[in-house]
Amino acid sequence: MAGQEDPVQREIHQDWANREYIEVITSSIKKIADFLNSFDMSCRSRLATLNEKLTALERRIEYIEARVSRRITVRCIVLSDLIKQLYLFSGDERRNLDLDFHHEDP
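Per an unreviewed UniProt entry, the chain goes by the name BRICK1 subunit of SCAR/WAVE actin nucleating complex and belongs to Nothobranchius furzeri. According to the UniProt record, the Sequence similarities (unreviewed entry) comment for the chain is "Belongs to the BRK1 family." According to the UniProt record, the Subcellular location (unreviewed entry) comment for the chain reads "Cytoplasm, Cytoskeleton".

Next up on the list: the overall build of the chain. When its secondary structure is counted, the chain shows 2 helices and 0 strands. Per-residue burial over the chain gives 0% buried out of 106 residues. Working note: accessible area of the chain is about 10,700 Å², and carbon and sulfur atoms make up 59% of it.

On the surface, Val 74, Val 78, Leu 79, Leu 82, Ile 83, Leu 86 and Tyr 87 cluster together into a nonpolar patch covering about 660 Å² of accessible area. Structurally, Ile 83 is set in helix H1 (residues 7-88). Given a relative accessible area of 41%, Ile 83 falls into the partly exposed group.

Two side chains with opposite charge may pair up if their charged atoms get near one another. For the structure on display, the rule yields 2 salt bridges. For Arg 19, the salt bridge is made with Asp 15, and the minimal N-O distance between the two is 2.8 Å. Here Arg 19 and its partner Asp 15 are both found in helix H1, 4 residues apart, which amounts to about one turn of the helix. The partly exposed category is assigned to Asp 15, whose relative accessible area is 34%. Notably, a salt bridge pairs Asp 40 with Arg 44, separated by 2.9 Å at the nearest N-O pair. With Asp 40 and Arg 44 both in helix H1, this residue pair falls 4 residues apart, about one helical turn. Note on Asp 40: relative accessible area 32%, which makes it partly exposed.

Let's shift gears to a positive patch on the surface. On the surface, Arg 67, Arg 70, Arg 71 and Arg 75 cluster together into a positively charged patch. Residue class for Arg 75 comes out exposed when judged on its relative accessible area of 61%.

Another point: the packing of aromatic side chains. Overall, the coordinates contain 1 aromatic pair when judged by the stated rule. Taking the centre distance of 5.9 Å and the plane angle of 20° together, the rings of Phe 35 and Phe 39 count as stacked. Here Phe 35 and its partner Phe 39 are both found in helix H1, 4 residues apart, which amounts to about one turn of the helix. Given a relative accessible area of 52%, Phe 35 falls into the exposed group.

What counts, and at which threshold
Residues numbered from 1 in each chain as written. Predicted model: local features only at pLDDT ≥ 70, side-chain atom pairs only at ≥ 80, totals over all residues. Heavy atoms only, no water. UniProt positions renumbered as here; feature names shortened; annotations may be inferred. Helix = DSSP H or I, 4+ residues; strand = E, 2+ residues; numbered from the N terminus. Buried < 20%, exposed > 50% of the residue type's maximum accessible area, 1.4 Å probe, protein only. Areas by Shrake-Rupley, 256 points an atom, 1.4 Å probe, with all protein chains shown as cover. Patch = residues over 30% accessible without salt bridge, like charges linked within 9 Å, V, L, I, M, F, W, Y side chains within 5 Å. Salt bridge = Lys/Arg side-chain N within 4 Å of Asp/Glu carboxyl O. Lys, Arg positive; Asp, Glu negative; His and termini not counted. Charge placed at Lys NZ, Arg CZ, Asp CG, Glu CD. Phe/Tyr/Trp six-rings, centres within 6.5 Å; stacked < 30°, edge-to-face > 60°.

Take a look at the structure:
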């Protein structure tokens, strides 16, 4: 009976089909795992680069803040000293200072 398959033969064919299907699934899972590992490494590398850039920017901001703060402090001290000196003048000297300040040339 050439038209009919032996049950053992059919089982063998089914077994090979199952094995091929399992191989395709296994291969696909491996490809997905490889992609995810590659993606993970790429993301870690990019995040490390961003972290370095952010750290550098934070240091630069701290430096600029310190310089600005120092300039403001120095200017406040100078202004405070000038105000103290103005109030140390006698009344006449203050009036003369005001007159000289508002004096316009003819």
